[in-house]
Amino acid sequence: MAPPASPPLLTHACSSPPPILCSTSSSSSSSKSRNPYKVLSSSTSLSCSTPILFPHLQLSHCSKPPVVGIHGKLNPRRRFSLRLRPRLRLLSSRLKRTSLPDLVEDLGVALRRNSRIITLSASMSAVLGLCFLFLKLTAVPASKVVPYSELVTELQSGHVTAVMFEEGSRRIFYNTRGDGRENGETVVDGEALAMEGRKEKEKIGFVLKWKYSTRKIDHDENYLLSLMREKGVAYSSAPQSVIMTLRSLLITVISLWIPLTPLMWLLYRQLSAANGPAKKRRPSNQKVRFDDVEGVDAAKEELMEIVSCLQGSINYKKLGAKLPRGVLLVGPPGTGKTLLARSVAGEAGVPFFSVSASEFVELFVGRGAARIRDLFSVAKKCSPSIVFIDELDAVGGKRGRSFNDERDQTLNQLLTEMDGFESDTKVIVIAATNRPEALDPALCRPGRFSRKVLVGEPDLDGRKRILAVHLRGVPLEENPEIICNLVASLTPGFVGADLANIVNEAALLAARRGGETVIREDVMEAIERAKFGINDRQLTRNVVRKGLDKLFPWIPSLIKRDGTTEDGLGFMGYQTLS
Ligand SMILES: Nc1ncnc2c1ncn2[C@@H]1O[C@H](COP(=O)(O)OP(=O)(O)OP(=O)(O)O)[C@@H](O)[C@H]1O
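Residues numbered from 1 in each chain as written. Predicted model: local features only at pLDDT ≥ 70, side-chain atom pairs only at ≥ 80, totals over all residues. Heavy atoms only, no water.

**Remarks on the site of the ligand**
Close to the ligand lie 18 residues; Glu294, Gly334, Lys337, Thr338 and His470 are nearest. Contact distances for the ligand include 3.1 Å between an oxygen atom and a side-chain N or O atom of Asn434. Separating an oxygen atom of the ligand from a backbone N or O atom of Ala497 is a distance of 3.5 Å. Computed on the free molecule, the ligand has an accessible area of 630 Å², of which 80% lies beneath the protein chains in the complex. Within the shell around the ligand, the residues separate by chemical class into six nonpolar, seven polar and five charged. (Near = heavy atom within 4 Å. Polar contact = N/O pair within 3.5 Å; in protein donor to acceptor, adjacent residues only side chain to side chain. Areas by Shrake-Rupley, 256 points an atom, 1.4 Å probe, with all protein chains shown as cover. Nonpolar A, V, L, I, M, F, W, Y, C, P; charged D, E, K, R; others polar.)

Listed below in structure tokens is the structure:
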């Protein structure tokens, strides 16, 4: 990737040294011409004139030199700088490079991709906006809340003109002389409106007209009523208006739901993820054929028979036979079990449902079983079809070994589903595992995974044929057959995945070289990489000596500089012939 063109180049020393990409003046001209950016090791120090690329990387990793103030004190302001200027410059340079139509197009693509999230957020915002509008429109100036004793005092002094008890709550509203409502007109108006049950809007006006409110004290009603009768105060009771009830309900809901929303969202995600695979599971059109899988002839033959049964070229029903319900592919990793299953689907031309057993491992008890149910119901609808379960041991382990109830339930569901096929339902379950010994015996009984197919490591001939498959699209300098023979002879014990990787590595090495074809050296280097890994460090005697010295510093050097031990033996303690 080309580095950004215009970000400013910062120049300062770097005291903490994580490797960063930068150009250094110390690099030799030859290496510079090939790779202008090199990784700085901890020993490489940057001079003040060292231009540093990607300032954000550098700044986040390196501590700046302390900025010393006039009195020799550290200037803390500089240390916590947000480094806005370089960031703004970077942003503006990027903006300059992008045109308006591009931006509009990008925006359109982003909107289309996230249309579900956008619709959800828009509707949530609209609902919240409506709630807010409702609360705003129905907001009324609240009556002044006073202590109960004040109401009693005002009643005793004869200042109270009218009292109203709110039904279904403990609130008491009242007005006093001298607050503009003493002539009783408005109060009576409000009371009258409430009593007559007129429109809700007018009822709000009723609440507005009460200047004070207080909370009722239990067992004091009799005293309060006698006091009001004695003073000749008009008193009444009224229910809370519908709008006010709605309002308080809404406030309660919002105040409860807003903190709960993140939790609900997490729960929703978990549940929807649980439903995901069944929803998403669509029969895939397999392009893999039996020709693409080599070196596992016995397994191929077994599976070819199933394909013939599915296609109807073998009339197994005539002799009273039943189609095998399950085929278990057993073998070491990378031998082509998944590839074989895909080729079965490709050859049979039937829908293929591929799933990894770990997808059924769920947090909530019963979710894994539900997924299995969904998967099989879809597969049955699309029959004849093939269900492929990779790494079956993730759910098919022996039951009752742990307290993992969820896994046991999932396995029970799988057993039930495999039992539940009617004899004419053409759904074949192919499963793959590297650990057949870990499987529950119930899975392997006849009627479920009755057919076990061993997919083993390929022999010399198998390796040659696998290589030929993977070298089909690779331009080689030499005859492919020679390369196949060479690689196959050098890679005993390698499985299909290893061989595919060698071919890929060789092609990558050729591309790195800038070559048009893959040459023998690329292939040899790829084999070396596959066998020994990528490591520049040669295991010389010196390196071994240093390593041993580091591990056992208290022991006097076991190996001399010439590679022999004190007693003249080789460094591993053996007398060598050389
Ligand atoms: N017999 C083979 N013929 C051709 N290619 C093979 C063969 N075996 C493996 N490969 C290559 O290796 C890749 C990985 O193989 P695959 O996923 O089928 O292995 P697996 O046995 O299912 O491994 P695991 O048990 O780890 O899931 C395949 O995509 C294919 O490119």
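**Side note on helix 14 (residues 367-381)**
Taking 1.5 Å of rise per residue, the 15 residues of helix 14 would be expected to cover 21 Å, and the 21 Å separating its terminal C-alpha atoms lies within 8% of that figure. When helix 14 is considered as a whole, its buried residues turn out to be Arg367, Gly368, Ala369, Ala370, Arg371, Ile372, Leu375, Phe376 and Ala379. (Helix = DSSP H or I, 4+ residues; strand = E, 2+ residues; numbered from the N terminus. Expected span 1.5 Å × (residues − 1). Buried < 20%, exposed > 50% of the residue type's maximum accessible area, 1.4 Å probe, protein only.)

**Considering the sheet that holds strand 7 (residues 234-239)**
On the basis of which strands lie adjacent, the open sheet formed by five strands has the order 3-6-5-4-7 and mixed pairing. If you trace the sheet from one side to the other, it starts and ends with strand 3 (144-145) and strand 7, each paired once. Looking at chain direction, strand 4 (residues 160-167) and strand 5 (residues 171-176) are connected through five bridges and run antiparallel. From the neighbouring strand, Met164 faces strand 5, where its bridge partner is Phe173. (Pairing = 2+ DSSP bridges.)

**Some words on the packing of helix 18 (residues 460-470) against helix 19 (residues 480-490)**
The interhelical angle for the contact between helix 18 and helix 19, taken along N-to-C directions, is 130 degrees, at an axis separation of 9 Å. With respect to helix 19, the element helix 18 is oriented oblique. Considering how the two elements wind past one another, helix 18 and helix 19 form a crossing that is right-handed. Within the contact between the two elements, helix 18 uses Leu460, Arg463, Lys464, Leu467 and Ala468 and helix 19 uses Cys484, Asn485, Val487, Ala488 and Ser489. Counted by class, the contact of helix 18 with helix 19 contains six nonpolar, two polar and two charged residues. (Axes fitted to C-alpha atoms, helices over the stretch in contact; angles between N-to-C directions. Parallel < 35°, antiparallel > 145°, perpendicular 65-115°, else oblique. Left-handed = near helix turned anticlockwise from the far one by under 90°. Contact = heavy atoms within 4.5 Å.)

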